[in-house]
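These are the residues of each chain, in order.
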Amino acid sequence: MGAVIESAVNWAVAIANDNSHGYDQNSRWGIDYDCSSLVISAFEQAGVRVKTGGATYTGDMKPVFLRYGFLDVTGQINLSSGGGLKRGDVLLNTTHHTALVVTDGGGTIVNASINEKGRATGGQKGDQTGREIYTRGYYNYPWNCVLRYMGDDSVAPSNTSGSDKEYSLTDKYGTGGNSIREDFSLSRNEQYKLLADGVDISGYVGGLSWQNTIDELATKMNFEVAKSDTKYVNTYIPELGSIINLFTNIEIFRGIVIDVDDGSETVNKYTVCDFGWYLNKSKETYQFNNMSAYKAIKKVCEDFNIPIDTIPELKTEIKQIYIDKAVSEIISNILEQCGGGYNFDMTPHGLRIYKYGTLYAYPEFRITPNTQLIYSPSLRGNVSHSVSIEDMKNSIKVITDADNVYTVQTVLKDTDSIYKFGVLQEVVKIDPEKENANTVAKNKLSELNKQSETFSFEMIEAVDSYTRAGMVMDIDDVRYLIEGTSHSITNGIHHVKVDLRKFI
């Protein structure tokens with residue numbers, strides 16, 4: 001049995017056998033875990049950097065695992081009985097659940113199940129029932145995918161301590177930083193590659209930076225390429241339309257040159273956007289008649305040859321006409337009809353749709369190659385923080401309009417907030433045949449009756465780590481949504497500025 005598989009399975013089983021670890025999605029990267037963070041962490045600590053590479057929950061595990069040496073062997077497995085399963089196989093339902101096979105043939109599996117209250121959050125720390133994280137006999141959840149590690153076993157960390165409890169060696173950030181690999185300085189790759197039309201231009205690129213926000217679909221990159229009039233210097237100079245790829249341990253960006261400033265005698269300056277740029281620029285007309293949101297979005301993607309990274313099974317029926325609308329606007333409106341809370345962006349593998357709160361950022365770095373990992377926000381600098389009531393509403397009036405006659409249906413107020421700040425009212429017009437006035441008022445007051453907060457800071461993270469807008473991040477036991485990021489790599493150091501707001 002391969003070293004990676006043994007390390008992953010033994011770690012997961014050890015976690016299950018230690019009742020100090022329970023199920024909780026609010027502390028899912030240790031001490032507690034949920035189903036996906038348990039499996040992801042098992043292979044991450046085994047040296048397969050699926051968590052670092054972007055795996056965060058069941059919905060995005062498959063594409064990341066496939067990029068890190070796993071093979072989809074679903075067709076070889078009898079999912080009803082577990083026949084054909086091997087130790088270390090990852091059982092996956094890409095919407096709801098995942099588990100790790102402990103014995104061949106599906107005899108036993110290990111999984112994180114649920115907390116003592118039968119819920120995903122809110123329980124006590126640790127395993128209160130003995131079944132929050134546990135080994136059990138095989139069952140068909142049902143699974144729709146089985147992944148098997150076929151990669152290089154040389155990535156498995158060596159156990160220099162000889163202890164079978166290495167999983168418990170963690171620092172206060174839960175990074176496992178107290179367990180240091182002796183070969184770290186040899187195995188760690190703190191380099192990046194920037195390709196233009198497949199040609200490595202990293203050696204003569206300067207000013208590399210990129211930015212993204214949750215409000216703008218496309219990630220924008222900027223860099224400079226040195227020019228030379230010496231005929232003996234052979235450098236590749238990108239041009240309009242050149243395809244740019246940024247690789248760390250994986251490809252994290254793929255885009256197209258949309259602007260070239262070649263006025264300088266010494267450098268060309270480039271602006272590059274990922275392929276979300278096309279969705280902002282291209283317009284189309286659609287009429288959907290009770291088509292599921294999932295199928296409607298797939299239809300749009302097929303029409304514009306947009307590859308798909310991840311789309312959840314959105315069953316909301318869409319009945320809408322879009323006339324001369326940008327593709328990004330159409331997708332955004334469809335997601336709004338699915339109840340909100342969804343975001344979408346572009347990865348090198350295509351369109352990715354996810355629910356806010358399901359993508360976690362855990363940026364880390366090492367001060368020197370032989371020191372432990374540090375949670376990047378713990379050493380944040382240039383911190384800016386403010387609170388405001390400028391956009392707050394504490395009174396919601398719901399009205400209807402029939403034949404130009406406006407009728408007040410309901411008014412919902414937060415009297416405590418009004419006593420403190422005064423009346424800040426929002427008026428909402430509804431169609432009474434489609435919407436309930438009281439429900440709309442309640443939801444709108446919940447959405448708007450809050451102080452706004454701006455919080456930003458700068459940090460350093462590893463070159464092969466990527467904190468992106470749309471992820472959530474825990475800072476001082478408070479969860480924040482990352483609204484925007486600005487990245488730059490200078491002298492091999494990855495600088496990041498993050499803009500945040502509280503995520504509830």
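Preceding this section is the structure that the text describes.
Residues numbered from 1 in each chain as written. Predicted model: local features only at pLDDT ≥ 70, side-chain atom pairs only at ≥ 80, totals over all residues. Heavy atoms only, no water.

Draft legend 1. Broad picture of the sheet that holds strand E3 (residues 97–101). What the 6 strands build is an open sheet, ordered E1-E6-E2-E3-E4-E5; its pairing is antiparallel. Looking at strand neighbours, the two that pair on one side only are strand E1 (70–72) and strand E5 (133–137), the edges of this open sheet. With direction set aside, neighbouring strand axes in the sheet form an average angle of 30°. In this structure, E1 lies alongside strand E6 (residues 145–149), joined through 3 bridges in antiparallel fashion. Within E6, the residue paired with phenylalanine 70 across the bridge is tyrosine 149. On the sheet, helix H2 (residues 35–45) packs against E1, strand E2 (90–93), E3, strand E4 (108–112), E5 and E6 and is oriented at approximately 40° with respect to E3. (Pairing = 2+ DSSP bridges. Helix = DSSP H or I, 4+ residues; strand = E, 2+ residues; numbered from the N terminus. Axes fitted to C-alpha atoms, helices over the stretch in contact; angles between N-to-C directions. Contact = heavy atoms within 4.5 Å.)

Draft legend 2. View of the sheet that holds strand E24 (residues 425–429). If you trace the 3 strands from one edge of the open sheet to the other, you get E23-E22-E24, paired in mixed fashion. Edge strands, defined here as strands with exactly one partner in the open sheet, are strand E23 (405–413) and E24. Neighbouring strand axes in the sheet, compared pairwise and without regard to direction, differ in orientation by 25° on average.

Draft legend 3. Seen up close, the layout of surface pockets. Approximately 1000 Å³ is the volume attributed to the second largest pocket. Lining the second largest pocket are 27 residues, with Ser446, Glu447, Lys450, Arg501 and Lys502 positioned closest to its centre. (1 Å grid on protein atoms, 1.4 Å probe; cavity = no way out; pocket = protein on both sides within 12 Å on 5 of 7 lines; lining within 4 Å. Points joined across faces, edges and corners; volume = space filled by probe spheres on them.)

Draft legend 4. Structural detail: H2. For H2, the tally of buried residues reaches 10 of 11 residues, placing the bulk of the element in the interior. Three or more residues of H2 are buried, namely Cys35, Ser36, Ser37, Leu38, Val39, Ile40, Ser41, Ala42, Phe43 and Glu44. (Buried < 20%, exposed > 50% of the residue type's maximum accessible area, 1.4 Å probe, protein only.)

Draft legend 5. Geometry of the side chain of serine 465. Following the sequence through the fold, serine 465 ends up in the loop between strand E25 (452–461) and strand E26 (472–475). Only 2.6 Å separates the side chain of serine 465 from the side chain of glutamate 461, close enough to count as a polar contact. Leave out the neighbours within four places in its chain, and serine 465 touches Pro363, Glu364 and His494. (Polar contact = N/O pair within 3.5 Å; in protein donor to acceptor, adjacent residues only side chain to side chain.)

Draft legend 6. Examining the packing of helix H6 (residues 293–303) against helix H7 (residues 327–337) more closely. One way to put it is that H6 packs onto H7 with a least axis distance of 10 Å and a crossing angle of 175°. With respect to each other, H6 and H7 are oriented roughly antiparallel. Residues Ala293, Ala296, Ile297 and Val300 of H6 lie in contact with H7, whose contacting residues are Val327, Ile330, Ile331, Ile334 and Leu335. (Parallel < 35°, antiparallel > 145°, perpendicular 65-115°, else oblique.)

Draft legend 7. Structural view of the pairing of E23. Two elements, strand E22 (residues 395–402) and E23, share 8 bridges in a ladder whose sense is antiparallel. The partner of isoleucine 399 across the bridge, within E23, is valine 408. Joining the antiparallel neighbours E22 and E23 is a turn of 2 residues, in which aspartate 403 adopts a positive phi near 55°.

Draft legend 8. A look at the packing of helix H1 (residues 3–17) against H2. Running from N to C, H1 and H2 cross one another at 135°; their axes reach a closest spacing of 8 Å. With respect to H2, the element H1 is oriented oblique. You can see that H1 and H2 cross each other, and the crossing is right-handed. Judged by residue contacts, Val4, Ser7, Ala8, Trp11, Ala12 and Ile15 of H1 engage Leu38, Ser41, Ala42, Phe43 and Gln45 from H2. A class-by-class count of the residues in the contact of H1 with H2 yields 8 nonpolar, 3 polar and no charged. (Left-handed = near helix turned anticlockwise from the far one by under 90°. Nonpolar A, V, L, I, M, F, W, Y, C, P; charged D, E, K, R; others polar.)

Draft legend 9. Up close: the pattern of salt bridges. All told, the structure shown has 19 salt bridges when counted by the stated rule. Measuring nitrogen to oxygen at the nearest pair gives 3.2 Å for the salt bridge that ties lysine 62 to aspartate 72. Placement of the pair is lysine 62 in helix H3 (residues 58–67) and aspartate 72 in strand E1, with a sequence separation of 10 residues. The class of lysine 62 is partly exposed, set by a relative accessible area of 27%. (Salt bridge = Lys/Arg side-chain N within 4 Å of Asp/Glu carboxyl O.)

Draft legend 10. Quick look at the side chain of serine 202. Residue position: serine 202 is located in the loop between strand E8 (199–200) and strand E9 (205–213). Exposure remark for serine 202: the relative accessible area of 16% places this residue in the buried category. From its side chain, serine 202 meets the backbone nitrogen of leucine 194 in a polar contact 2.8 Å long. There is a polar contact of 2.6 Å between the side chain of serine 202 and the side chain of aspartate 200. Filtering out sequence-adjacent residues up to four positions away, serine 202 remains in contact with Tyr192, Lys193 and Leu194.

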